[in-house]
Amino acid sequence: MAPRPKKRTARPSPTELDRLIEEATVDAYNESEQASGFYSMMEEYLAVPFTTEVLGVAVTVVGVALTEDDRIAAVCRRGKARQWISLLDLPLPEPPPKGAEWIHAFRRWVG
């Protein structure tokens, strides 16, 4: 019997999240620059597209966007429709996509 592939853990440890927060915000001088740091990390490391469920409906997350008020949103698609959903409200699938630790770190940073 072949060994089972290792399942990614849903949530990194608080220590790991703090390390990611430090990495995303190291050169940032204010909250706007810190949000931009998280956005850059997600742009680079979050594997998209991935499918999740929002209000009982399957949607495809095709990317992330930084809003004018420095919030980060998931760009969701269902058919021809697109909608932005705050990363704070986005349910993650199980198993989470590669790079989801950046979403967890962002949520911890927002507090």
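The preceding data block contains the structure.
Reading the values: rules and limits
Residues numbered from 1 in each chain as written. Predicted model: local features only at pLDDT ≥ 70, side-chain atom pairs only at ≥ 80, totals over all residues. Heavy atoms only, no water. Salt bridge = Lys/Arg side-chain N within 4 Å of Asp/Glu carboxyl O. Helix = DSSP H or I, 4+ residues; strand = E, 2+ residues; numbered from the N terminus. Buried < 20%, exposed > 50% of the residue type's maximum accessible area, 1.4 Å probe, protein only. Core = buried A, V, L, I, M, F, W, Y, C linked by side-chain atoms within 4.5 Å. Contact = heavy atoms within 4.5 Å. Phe/Tyr/Trp six-rings, centres within 6.5 Å; stacked < 30°, edge-to-face > 60°. Axes fitted to C-alpha atoms, helices over the stretch in contact; angles between N-to-C directions. Parallel < 35°, antiparallel > 145°, perpendicular 65-115°, else oblique. Left-handed = near helix turned anticlockwise from the far one by under 90°. Pairing = 2+ DSSP bridges.

Enquirer: Explain the pattern of salt bridges here, please?
Expert: Charged atoms that come close allow side chains of opposite charge to pair. Going through the model one piece at a time under the given rule, you end up with four salt bridges. Between D18 and R108 there is a salt bridge whose closest N-O contact spans 2.7 Å. Pair noted here: D18 is in helix α1 (residues 14-25) and R108 is in helix α3 (residues 101-110), with a separation of 90 residues, a long-range link. On the basis of relative accessibility, which here comes to 39%, the residue D18 falls in the partly exposed class.

Enquirer: Would you explain the nonpolar core in this entry?
Expert: Across soluble globular proteins, nonpolar side chains show a tendency to be buried alongside one another. Ranked by size, the top nonpolar core spans 23 residues in total, and within it F38, M42, I72, C76, L87, L90 and W102 carry the most contacts. For this core, the secondary structure elements donating two or more residues are α1, α2 (31-45), β1 (50-54), β2 (57-66), β3 (72-78) and α3. Sequence-distant contacts of L87, defined by excluding residues within four places in its chain, comprise M42, I72, A73, A74, I103, F106 and R107.

Enquirer: How do you make sense of the packing of aromatic side chains when you look at a structure like this?
Expert: When we look at a pair of aromatic rings, we describe it by the centre distance and by the angle of the planes. Within the structure shown, the criterion is met by four aromatic pairs. When the centroid spacing of 6.0 Å and the interplanar angle of 15° are considered together, the rings of Y45 and W102 count as stacked. Here Y45, found in helix α2, pairs with W102, found in helix α3; they are 57 residues apart in sequence, far enough to count as distant. Within the aromatic cluster, the residues linked to one another by ring pairs are F38, F106 and W109.

Enquirer: Looking at this structure, how should I read α3?
Expert: Think of an α-helix as 3.6 residues a turn; residues three or four steps apart then line up on the same face. Taken as a whole, α3 has its buried residues at W102, I103, H104, A105 and F106. Considering only its buried residues, α3 is in contact with α1, α2 and β3. Immediately beyond the C-terminal end of α3, within one or two residues, lies G111, with a positive phi of roughly 80°.

Enquirer: Which parts of the structure should I look at to understand the packing of α2 against α3?
Expert: Geometrically, a packed helix pair is captured by the angle between its two axes and the distance between the axes. Relative orientation of the contacting elements α2 and α3 amounts to 165°, with a least axis distance of 10 Å. Here α2 lies roughly antiparallel to α3, going by the angle between them. Viewed along their axes, α2 and α3 form a crossing whose handedness is left-handed. Contact residues: α2 offers E31, Q34, A35, F38, M41, M42 and Y45, while α3 offers W102, I103, A105, F106 and W109.

Enquirer: Any chance you could explain the sheet that holds β1 here in plain terms?
Expert: Hydrogen bonding along the main chain pairs the strands of a sheet, whether they run parallel or antiparallel. As summarised here, the arrangement of the four strands in space is β1-β2-β3-β4, forming an open sheet in which the pairing is antiparallel. Of all the strands in the sheet, just β1 and β4 (81-86) have a single pairing partner and so form its edges. Each strand of the sheet is rotated relative to its neighbour by a mean of 45°, with strand direction disregarded. As judged from the five bridges shared by β1 and β2, these two strands associate in the antiparallel manner. Residue pairing for β2: F50 is matched across the bridge by V61. The sheet strands contacting α2 are β2 and β3, and the helix crosses β2 at an angle near 125°.

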